[in-house]
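Listed below are the residues making up each chain.
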Amino acid sequence: MLLTKFERLVSTAVPLPMENVDTDQIIPARFLKGTTRDGFGENIFRDWRYDDRDQLIADFVLNNPLYSGKILVGGKNFGCGSSREHAAWAVHDYGFKVVVSSFFADIFKNNALNNGVLPITVSEDFLQALFQEIEQNPKSEFEVDLPEQQFKVLSSGEETTFGISPYKKECLLNGYDDIDYLLSLEEEISGFESARA
């Protein structure tokens, strides 16, 4: 998959104030037969977005026209459950570039980073403040600054910092997957090998 460079993002956000959202809820198992990463976005949260007659459930947040954006704000323990990478594929394919939560399951967090989605861990208090901000004004915008590792509420100026491994940060900034990163070191690797010959 071709990843795009990620440096800064200004966007509205979609609130999903539910805890323990697991990977089977993000992308149900019956949709895991695909062999490419495309097309999973249309089935993200499928069993919450559609009823048993395949009709949209109007009160689910992704079906509510009030909410849009490239940032998904989820409750605590987002991405728990099975290790399926398809959950990160679905989040990315739907169009989310950032997921914010007060806690991520480790495997989902790594899968997201490997697929060009930035998971941002914030304090529980900051998370609840985000939900309140979005509820009061669904058009509120937020800024994500990866180089500075800052997340800001533009209307109030309130901000927080977030952690990320230096390696994954470099990959996101350059649009690298793991192989691209190794290829970017080709000259250094060749130089090292030549010095040892």
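The structure we're discussing is the one just above.
What counts and how
- Residues numbered from 1 in each chain as written.
- Predicted model: local features only at pLDDT ≥ 70, side-chain atom pairs only at ≥ 80, totals over all residues.
- Heavy atoms only, no water.
- Pairing = 2+ DSSP bridges.
- Helix = DSSP H or I, 4+ residues; strand = E, 2+ residues; numbered from the N terminus.
- Axes fitted to C-alpha atoms, helices over the stretch in contact; angles between N-to-C directions.
- Contact = heavy atoms within 4.5 Å.
- Expected span 1.5 Å × (residues − 1).
- Buried < 20%, exposed > 50% of the residue type's maximum accessible area, 1.4 Å probe, protein only.

Caption draft 1: Up close: the sheet that holds strand S5 (residues 118-121). Within the open sheet, the 4 strands sit side by side as S2-S3-S4-S5. Their pairing is parallel. Either end of the sheet is taken by a strand with one partner, and the two such strands are strand S2 (13-16) and S5. Between one strand axis and the next, the sheet turns through 20° on average, direction left out of account. Across the sheet, helix H5 (residues 124-136) touches S2, strand S3 (71-74) and strand S4 (98-101), and the angle it forms with S3 is around 120°.

Caption draft 2: Fine view of H5. Under the 1.5 Å per step criterion, the end-to-end length of H5 is 18 Å for 13 residues, consistent within 8% with the ideal 18 Å. Buried residues along H5 sit against S2, S3, S4, strand S6 (142-145), strand S7 (150-153) and strand S8 (159-161).

Caption draft 3: A look at the pairing of S3. The side-chain alternation of S3 yields two buried faces, one formed by Ile71 and Val73 and the other by Leu72 and Gly74. For S2 and S3, the ladder comprises 4 bridges, and the chain directions are parallel. Across the sheet, the residue bridging to Ala13 is Ile71, located in S3. Relative to S4, S3 runs parallel, the two being bridged by 3 bridges. Residue Leu72 lies in a different strand from S4, and its bridge partner there is Val99.

Caption draft 4: Layout of the pairing of S6. Inspection of the sheet shows strand S1 (residues 8-11) paired to S6 by 4 bridges, in the antiparallel sense. Bridge pairing in S6 places Ser11 opposite Phe142. Pairing between S6 and S7: 4 bridges, direction antiparallel. Looking at S7, one finds that Glu143 is bridged to Lys152. Linking two consecutive strands that pair antiparallel, namely S6 and S7, is a turn of 4 residues; a positive phi of about 55° is found at Gln149 within it.

Caption draft 5: Up close: the sheet that holds S1. Spatially, S1-S6-S7-S8 is the arrangement adopted by the 4 strands of the open sheet, whose pairing is antiparallel. Sheet topology places S1 and S8 at the edges, where each strand pairs with a single neighbour. The average angle at which neighbouring strand axes cross in this sheet is 10°, direction not considered. Its contacts with the sheet put H5 on S6, S7 and S8, and the angle it makes with S7 is roughly 40°.

Caption draft 6: Layout of the environment of Phe40. Position of Phe40 among the secondary structure elements: in the loop between helix H1 (23-26) and helix H2 (46-49). Since its relative accessible area comes to 4%, Phe40 is described here as buried. Taking the C-alpha atoms as reference, Phe40 lies 29 Å from Pro166; in sequence the two are 126 residues apart.

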